[in-house]
Amino acid sequence: MLSNTKLFFAAFLLLTTIAVQAQVSVGARVGYQLNNVYTTEGLDALAPDFHNIDEVNVGLVVEIPVAGGFSFQPELAYTTKGFGLKEGFDAELLGVNLPVSGRAETRIRYVEAPLLAKYKFGQEALKAYVAAGPTLSYASSGQIDTYANVLLEVDLGSVPLNLDNINYERFDVGATVALGAQYDFGPVTTFVDARYYRGFSELYDIPFVNEKVRNTGYGFNFGVMVPLGN
């Protein structure tokens, strides 16, 4: 696990070195995202209450000009993916029906590397852009957060997941598409975008039902970039 994480950082340092040579921009971003798993109709019938989990992600960005409005934007991010499940029933207490429910949220921490082709268009200072490309992710750790609700929600704590013991596929290959805008404040460029992610890797084979799940999610990001060189 450690060696793979080091590999991601080594690749990003190499891209940064290239950026210095090409006089391009580097920066950072932070975002809010909603994640879930893509399921089949069969799995929905067994567990219809899959719901989104929300998380904050952070990342480093390098933008390398190619030609015209086109550029290559590799990133390195730390993010969380997963899903939530909720089950409920009614319990009677002193002649009153009380709603009782349990909620579990699976959260898998990933080191993620989107490799985006980007096209910018618009005014000199204010530009819109579209971006898309493959995204490589590696799951470093995971946990399940559990909650109970009887009138009030109670946090029951977290259970760590051993991803190797449950045969969880740590490597996730997917694709990211983004639509955003950026504005140049002198040497500093700020940007905002909306993104959608879809994983292609089969992460976990659910026992007995021969069903597999894949990551999916969407979110919003804000970031800044500064040019390197002249």
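Quick caveat: nothing in here was measured; it's all calculated off a predicted structure.

**Q** Before we move on, can you summarise the nonpolar core with the specific residues and values?
**A** Counting ten residues, the largest nonpolar core is built from V37, F50, F83, I108, Y110, A139, L163, Y168, L203 and V213. If we skip the residues at most four places from it in the chain, Y110 touches A77, Y78, T79, K81, S137, Y138, A139, Y168, R170, D172, L203 and N215.

**Q** Report on the pattern of salt bridges, specifying residues and quantitative values.
**A** Per the counting criterion, the structure on display carries 13 salt bridges. One salt bridge in this structure joins R109 and E55, with 3.4 Å as the shortest N-O distance. Note that R109 is positioned in strand 4 (residues 96-122) and E55 in strand 2 (residues 53-67), a separation of 54 residues in sequence. Judged on exposure class, the residue R109 and its partner E55 are both buried.

**Q** Go over the environment of G122, please, and point to the residues and values.
**A** Within the fold, G122 resides in strand 4. With a relative accessible area of 60%, G122 lands in the exposed category. When the C-alpha positions of G122 and Q182 are compared, they lie 9.9 Å apart, and in sequence the two are 60 residues distant.

**Q** Report on the pairing of strand 7 (residues 171-185), specifying residues and quantitative values.
**A** Pairing geometry for strand 7 and strand 8 (residues 188-199), over twelve bridges, is antiparallel. Bridged to Q182 within strand 8 is F191. If you look at the hairpin formed by strand 7 and strand 8, you'll find two residues sitting between the two strands, and G186 has a positive phi there, around 65°.

**Q** Can you break down unusual backbone geometry residue by residue, with the values?
**A** For N167, which is not a glycine, the phi torsion comes out positive at approximately 55°. Mapping N167 onto the fold places it in the loop between strand 6 (152-161) and strand 7.

**Q** An account of the packing of aromatic side chains is needed here, citing residue identities and associated values.
**A** A full pass over the atoms with the stated rule returns four aromatic pairs. Connected via pairs of aromatic rings, a cluster forms that spans F70, Y119 and F121. Over the ring of Y110 we find K81, and its NZ or CZ is 4.7 Å from the ring centre. The lysine or arginine in question, K81, covers the ring of Y197, its NZ or CZ lying 3.9 Å from the ring centre.

**Q** Let's hear about the environment of R107: which residues, and what values?
**A** In this structure, R107 sits in strand 4. Here the alpha-carbon distance between R107 and T79, two residues 28 residues apart in the chain, equals 9.9 Å. Those residues in contact with R107 that lie beyond four places of it in its chain are I53, D54, E55, T80, K81, S141, G142, Q143 and D145. Within polar-contact distance, the side chain of R107 engages the side chain of E55 at 2.9 Å.

**Q** Can you lay out the side chain of S137 for me, pointing to particular residues and giving the numbers?
**A** The residue S137 is located in strand 5 (residues 126-150) in this model. For S137, the side chain forms a polar contact with the side chain of E112, separated by 3.4 Å. Apart from residues lying up to four places away in sequence, S137 is in contact with K81, Y110, V111, E112, R170, F171, D172 and Y197.

Basis of the calculations
Residues numbered from 1 in each chain as written. Predicted model: local features only at pLDDT ≥ 70, side-chain atom pairs only at ≥ 80, totals over all residues. Heavy atoms only, no water. Core = buried A, V, L, I, M, F, W, Y, C linked by side-chain atoms within 4.5 Å. Buried < 20%, exposed > 50% of the residue type's maximum accessible area, 1.4 Å probe, protein only. Contact = heavy atoms within 4.5 Å. Salt bridge = Lys/Arg side-chain N within 4 Å of Asp/Glu carboxyl O. Helix = DSSP H or I, 4+ residues; strand = E, 2+ residues; numbered from the N terminus. Pairing = 2+ DSSP bridges. Phe/Tyr/Trp six-rings, centres within 6.5 Å; stacked < 30°, edge-to-face > 60°. Lys NZ or Arg CZ within 6 Å of the ring centre and 35° of its normal. Polar contact = N/O pair within 3.5 Å; in protein donor to acceptor, adjacent residues only side chain to side chain.

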